[in-house]
Every structure is written in C-alpha cells, then in structure tokens.
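# Geometric and topological summary
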Amino acid sequence: MAVRTYYASPRHDDDYLESWLELWDRDRLLPGYGWIFGMGDGTSNVGLGLLNTSAAFQNIDYRGLLRRWLAGMPAEWGFTEENRTQPVRGAALPMGFNRTPHYTRGLLLVGDAGGMVNPFNGEGIAYAMESGEIAARVITQALAQPDPRGAESVLASYPQLLKDAYGGYYTLGRKFVEKIGNPRVMQFATRHGMPRPALMRVVMKLLANLTEPRGGDAADRVINALSRMTPAA
C-alpha cells in the first residue's frame, strides 16, 4: 500500500531521488520506505509505502503516518499543508506477478494489470514500459504468422517470456518482503546493515534491480546468479 502527494518545494530540482529506509510510526519500525523526488516543475512527489507482510498493514492510518513522517523534515524543504498542491492519494500496488494469467484468449496483461510492480521496492513504471515492449514484440510476431494456430502459439509464449525476464528476481523479492515483515528482522537489518556503506551498495543494487545483465562487478554477478537460480513461481 502506498500514499503520495505533491508539495511546492525548493527540492523540486534535485539530482537524485531520496529514499528513507527507516519508516517509524512512533515507536514502531515499519517494513516500508518513504521517498522524495523532484518533478522539476516547482513541486516534489512525496510519499511512503508499507508492505502487506506487516501486521500493521491493515490497521494503520496511512495519511496520518505521512503527516507524522513529514513533520520531522527540515522546515526549509516546504513539506507543509500550506504548500501541498494535490490531494493525498493512495492505492494498493500489485506486486511480484500477483495478477495472472498474463495471457488468455487474445488478451495480454502488462504493467500493474499483470502485477508487475517490483516486490522489493514498489517501483512500477519501468516494468510497465518493459513488459509493454515485450508484449509489442510478441504481438508483432503473432501478426506475422500465416495462420491463427501459429499466431496463438506465439501469443501463448508471452507468460514464459515474462518469467524469463523477471520470474526469479520477483520470487526473491517475495521471500524478502516476507522476512522483513517481521519487526525483529526489520530492526536487525536496519541496525546492522545501514551503518555499512559497502553492504548498502549491494542492497541498493538488489532492491532497485540495478545490476548489469552481463559483466559488472562481483555484486552484479552474485545477484544475477541468484535470480537465475531461483524458480520463477
């Protein structure tokens, strides 16, 4: 589940997206994160998300949590009610292939419709674009077939192509969010992981799916190998 809104802010032209991996609800450390990224138009997109593997998932006031989180921000950033330019909106994010089948009877699902949000971090835009590209290639190849049976065979290959692209990685993501839904695991991870920059660089590559597909450093090779070895459920 995620909520977000927009604020007029001097941070609208930041070079980088900012992620807050420690998301507290008073004395509770929650399995989620907050974000701030500039839109370049005078406003910043600000929001937070919480995993449904947490016991707090169904009984928390997300808009209240957003207000309390922003209350701790520096005043000069401008994340106040007077500067808010849009309503606070929320939605459940369909993650890790939790919408299937991806193909049936001439219909192909892409992006959020196919549950293609990254289960590690809640990112969906890149996967919507990439799955749309995969679907477009499949449809083009299907239309080039000389008969309906051949076209259907090509279309039916679409789910496997998605699994080849994301299946193992998404399975790793589902296992990851199950673990950090446990408050004790989340506290251990943040206490012992975040102070170690080298470890956090590897974690960032894993969570954001930023590995080089070929070559890269040792972390890239380990993460890519894990994704290939993990069954695409």
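Computed from a prediction, not measured in an experiment: that's the story for all the values here.

## Some remarks on the side chain of Asn-121
Note on placement: Asn-121 falls in the loop between strand 9 (107-108) and helix 2 (125-143). In terms of polar contacts, Asn-121 uses its side chain to reach the backbone carbonyl oxygen of Leu-207, at 3.1 Å. Among residues more than four places away in sequence, those in contact with Asn-121 are Tyr-33, Leu-207 and Ala-208.

## Focus on the packing of aromatic side chains
To describe a pair of aromatic rings, you give the distance between the ring centres and the angle between the ring planes. For the coordinates displayed, the defined rule picks out eleven aromatic pairs. Geometrically, the ring pair formed by Tyr-166 and Tyr-170 is stacked, given 5.5 Å between the ring centres and 15° between the ring planes. On the criterion of helical spacing, the pair formed by Tyr-166 and Tyr-170 is a turn pair, its members being four residues apart in helix 4 (residues 158-180). By relative accessible area, which is 0% here, Tyr-170 ends up buried. An aromatic cluster of three or more residues is present, and its members are Phe-97, Phe-120, Tyr-127, Tyr-166, Tyr-169, Tyr-170 and Phe-176.

## Some remarks on the pattern of salt bridges
Scanning all chains against the criterion turns up nine salt bridges. The partner of Asp-25 in a salt bridge is Arg-26, with the nearest N and O atoms 3.9 Å apart. Its relative accessible area of 6% is what places Asp-25 among the buried residues. With a relative accessible area of 65%, Arg-26 lands in the exposed category.

## What about the sheet that holds strand 6 (residues 43-50)?
To summarise the sheet geometry, strands pair through backbone hydrogen bonds and adopt either a parallel or an antiparallel arrangement. Across the sheet, which stays open at both edges, the five strands sit in the order 2-5-6-1-7 with antiparallel pairing between neighbours. Either end of the sheet is taken by a strand with one partner, and the two such strands are strand 2 (18-20) and strand 7 (89-91). Neighbour-to-neighbour, the strand axes of the sheet open up by a mean angle of 20°, direction not taken into account. In terms of strand pairing, strand 1 (residues 2-8) meets strand 7 through three bridges, oriented antiparallel. In the strand pairing of strand 7, Val-3 is matched with Gly-90. Against the sheet, helix 1 (residues 62-71) engages strand 1, strand 2, strand 5 (32-38), strand 6 and strand 7, with an angle of about 120° to strand 6.

## Digging into the packing of helix 6 (residues 197-208) against helix 7 (residues 218-229)
It is at 10 Å that the axes of helix 6 and helix 7 come closest, and there the two elements cross at 40°. Taken together, the axes of helix 6 and helix 7 lie oblique to each other. By crossing handedness, the relation of helix 6 to helix 7 is classed as right-handed. Listed contacts from helix 7 to Val-202, Lys-205 and Leu-206 of helix 6 are Ala-219, Asp-220 and Ile-223. Across the contact of helix 6 with helix 7, the residue classes break down as four nonpolar, no polar and two charged.

## Description of the pairing of strand 6
Most of strand 6 sits inside the fold, with eight of its eight residues counted as buried. The alternating pattern of strand 6 places Thr-43, Asn-45, Gly-47 and Gly-49 and Ser-44, Val-46, Leu-48 and Leu-50 on opposite faces, both of which are buried. Pairing between strand 1 and strand 6: seven bridges, direction antiparallel. In the sheet register, Arg-4 faces strand 6, and the bridge partner there is Gly-47. Looking at chain direction, strand 5 and strand 6 are connected through seven bridges and run antiparallel.

## Looking at the nonpolar core
Counting residues in hydrophobic clusters, the biggest one holds 19 residues, and the most contacted among them are Leu-108, Met-116, Tyr-158, Leu-162 and Tyr-170. Mapped onto this core, the elements with two or more residues apiece are helix 2, helix 3 (148-155) and helix 4. Not counting chain neighbours up to four residues away, the residues in contact with Leu-162 comprise Phe-97, His-102, Met-116, Ser-131, Ile-134 and Gly-167. Tyr-7, Met-73, Trp-77 and Phe-79 belong to the second largest nonpolar core, which has 18 residues in total.

Rules and cut-offs
Residues numbered from 1 in each chain as written. Predicted model: local features only at pLDDT ≥ 70, side-chain atom pairs only at ≥ 80, totals over all residues. Heavy atoms only, no water. Helix = DSSP H or I, 4+ residues; strand = E, 2+ residues; numbered from the N terminus. Polar contact = N/O pair within 3.5 Å; in protein donor to acceptor, adjacent residues only side chain to side chain. Contact = heavy atoms within 4.5 Å. Phe/Tyr/Trp six-rings, centres within 6.5 Å; stacked < 30°, edge-to-face > 60°. Buried < 20%, exposed > 50% of the residue type's maximum accessible area, 1.4 Å probe, protein only. Salt bridge = Lys/Arg side-chain N within 4 Å of Asp/Glu carboxyl O. Pairing = 2+ DSSP bridges. Axes fitted to C-alpha atoms, helices over the stretch in contact; angles between N-to-C directions. Parallel < 35°, antiparallel > 145°, perpendicular 65-115°, else oblique. Left-handed = near helix turned anticlockwise from the far one by under 90°. Nonpolar A, V, L, I, M, F, W, Y, C, P; charged D, E, K, R; others polar. Core = buried A, V, L, I, M, F, W, Y, C linked by side-chain atoms within 4.5 Å.

So yeah, pure geometry; function would need other evidence.
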